[in-house]
Amino acid sequence: MNDSTTRLERIPTLISNSEQEAVSRVADAIESLIRQRQQEGLSAVLGLATGSTPVPLYRELIRRHREQGLSFSNVVTFNLDEYYPISPEHPQSYHSFMRTQLFDHLDIPDAQIHIPRGDCLRDSVIAQCDAYDQAIRDAGGIDIQILGIGRTGHIGFNEPGSSVRSSTRLVTLDSLTRSDAAKDFLGEANVPRHAITMGVGTILAARQIFLLAWGRGKAEILQKAIEEAPQDSVPASFLQQHDRVSFCIDRAAAAELTRCKYPWLVSMPDWDAAMVRRAVTDLSLRLRKPLLRLVDKDYQENGLADLVTEEGPAYNLNIRVFNEVQHTITGWPGGKPNTDDSHRPERADPASKRVLILSPEPLDDMLAMAGTLNRLIMQGHDVAVVYLTSGNLGVPDADARWVAEFMLEAGADAQDSIAEAALQDLRTKKETDEDSPMLRRLKGFLRRSEARAALKICALPDDHVTFLDLPFYEQGRYRQFLWSDADVNVLREVIETRRPHQIFFTGSDADPSSVHAKCFQVLRQVLSQLQQEAWLADCWFWQFAAGSREWPLDEVDMAVPCSPDELVRKVQAIYQHRSQMSQMPLVQPDHLELWEQTRARNRATAQQYDQLGLAEYEALECFVKWDPWTT
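Thresholds applied
Residues numbered from 1 in each chain as written. Predicted model: local features only at pLDDT ≥ 70, side-chain atom pairs only at ≥ 80, totals over all residues. Heavy atoms only, no water. Phe/Tyr/Trp six-rings, centres within 6.5 Å; stacked < 30°, edge-to-face > 60°. Helix = DSSP H or I, 4+ residues; strand = E, 2+ residues; numbered from the N terminus. Buried < 20%, exposed > 50% of the residue type's maximum accessible area, 1.4 Å probe, protein only. Lys NZ or Arg CZ within 6 Å of the ring centre and 35° of its normal. Salt bridge = Lys/Arg side-chain N within 4 Å of Asp/Glu carboxyl O. Pairing = 2+ DSSP bridges.

Peer 1: Would you explain the packing of aromatic side chains in this entry?
Peer 2: Each aromatic ring pair is described using two quantities: the centre-to-centre distance and the angle formed by the ring planes. Counted under the stated rule, the structure contains 18 aromatic pairs. With 5.8 Å between their ring centres and 85° between their planes, Phe78 and Tyr132 make a pair best called edge-to-face. Within this pair, whereas Phe78 is found in strand 3 (residues 75–79), its partner Tyr132 is found in helix 4 (residues 125–138), the two being separated by 54 residues in sequence. Like Tyr132, Phe78 is buried. Judged by centre distance (6.4 Å) and plane angle (85°), the ring pair of Tyr473 and Tyr478 falls under edge-to-face. Comparing Tyr473 with Tyr478 shows no difference in burial state: the two are buried. In this structure, Arg549 is placed above the aromatic ring of Trp551, and the distance from its NZ or CZ to the ring centre is 5.0 Å. The residue whose ring lies beneath Lys625 is Trp540, and the NZ or CZ to ring-centre distance is 3.3 Å.

Right, here's the structure in full:
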């Protein structure tokens, strides 16, 4: 790579096409260290992380152990952190996580595994932390430290404000960190408020460091850690002080780096249409000048002299990009019948389309496209919503208890009813127990009822909604999902039967271990099996953004306006998913409710279009067209 493209990056960063490509590099370094130390008769000391990010690496190490005979008998490990207070047997403890994800599958002796204890008495925490640092020193120090990065920029549980010289200690968790863990603990109220973590100083003492990150959700914080000066508010930025650190990330996670987002600032790019649109819209938004008011001087003074020279003058560029952005806006997401569609995002024919909306969990569809869904129905399209998973893992026990008690109060047969069985499970359930099949079933019923209530507000008939309950989800848990042919076969039957003209979906740039990503992987496998079907050539794919974010303006291919009344209905539809109101990660500093976050995001998108000089709308829902055969 040309050095100029990375000149703004303060940390060596390797961008891979997939997480598997990235973890293979890190696994190579670990294997080389282990084999070298085996030849020397010495131990290899690894610092390990938890969470979804390192799971692909751990699976690769397990594969090398099973298939290539890589022994871990000489490996000593030290984990970064543990929740406090929590018992090692708790299903969400990092003791349990590491056993399930790695240690139970290797030949590493138990005595060589070190994880902070989250169940020690409060007055012994300091002594335990000091002993942990001493054990690292006694082992000769950490040879290779594996890290992830949180949305607050934390490494381990070193939250914003952590000192660069900090050692292993008890910390208070940031509210955003606890919010991100809410689904694992069935509600933010159940997430421990404290944790024991290696300090930044402890981490920096490692001889070599690899930080892994996947998915678009990590892009913004990675840019700060990699390109901005070290700061207490982004603890990962302190890694700039280490002389053997590498960030290994996928392309989605690299999206905000200058070489990816603004390549014209670090090199002389080939100006394709997508890059031109990105540069011009970004210039307009940064200068707060409508597209049609930009002048040559604006380009020349903001790093775009090359663009205006090659593609200008400014007036021509402005008109070109203005038209491109304007043509993304449509009130007819299924295409407008009997009209010229040459400048519309969707084709006019057929006038009535079969539309398939694939929602990974109940609520994802409402957050992203409730207004668009309603418009498709009102404009006469045959719309079907398919919930790929039940979402039952995201229901707090308190909500399940309320539903079960309500069912019994309403007169359900207490002798053999699901409600009574679920209540009995809740009465006997211990902190370390996972939900029983009956309890998960009841929670799934709750999410189905919420989804149906929301769809009624969007005017979708009951017989146009399907709950697939894909096996990978029903048989798994967060961070531990593995899809199989059984999942592919279930979704394939739905798509083959319906033969849609439009498929709305999400997940292509999500964290690979997430529900969204697993559902997307299943969809891709289905499409690879069906690619020779003639009808599929007439199917267009529209991707909605998942969770709490929206597509960057320059990537949007279709923007659907929501009127004030439509936005109100969208908020009402979201609110039907009451069991999720405390479950979704908070992204706003003032901790807005989920429906408030969504409304604010859709309004902000409309305001951006307005800033570009286009029509002013109440709100906009955005989509990116996807070609499964070229992506």
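On we go from here.
Peer 1: Can you walk me through the pattern of salt bridges in this structure?
Peer 2: When the charged atoms of two side chains with opposite charge come close together, those side chains can pair. Scanning the model with the defined rule gives 41 salt bridges in all. The partner of Asp397 in a salt bridge is Lys443, and the shortest N-O contact between them spans 2.7 Å. Pair noted here: Asp397 is in helix 14 (residues 397–409) and Lys443 is in helix 16 (residues 437–457), with a separation of 46 residues, a long-range link. With relative accessibility at 21%, the residue Asp397 sits in the partly exposed group. Assessed through its relative accessible area of 0%, Lys443 is described here as buried. The partner of Arg492 in a salt bridge is Glu496, with the nearest N and O atoms 3.3 Å apart. Of this pair, Arg492 and Glu496 both sit in helix 18 (residues 485–498), separated by four residues, roughly a single helical turn.

Peer 1: I would appreciate a short explanation of the pairing of strand 8 (residues 194–197) in the present structure.
Peer 2: For a regular strand, the rule is simple: side chains alternate between the two faces of the sheet. Strand direction decides the pairing type here: strand 4 (residues 81–84) and strand 8, joined by four bridges, are antiparallel. In the strand pairing of strand 8, Tyr83 is matched with Ala195. Pairing of strand 7 (residues 169–172) with strand 8 involves four bridges; the strand directions are antiparallel. When the bridges of strand 8 are listed, Val171 appears paired with Ala195.

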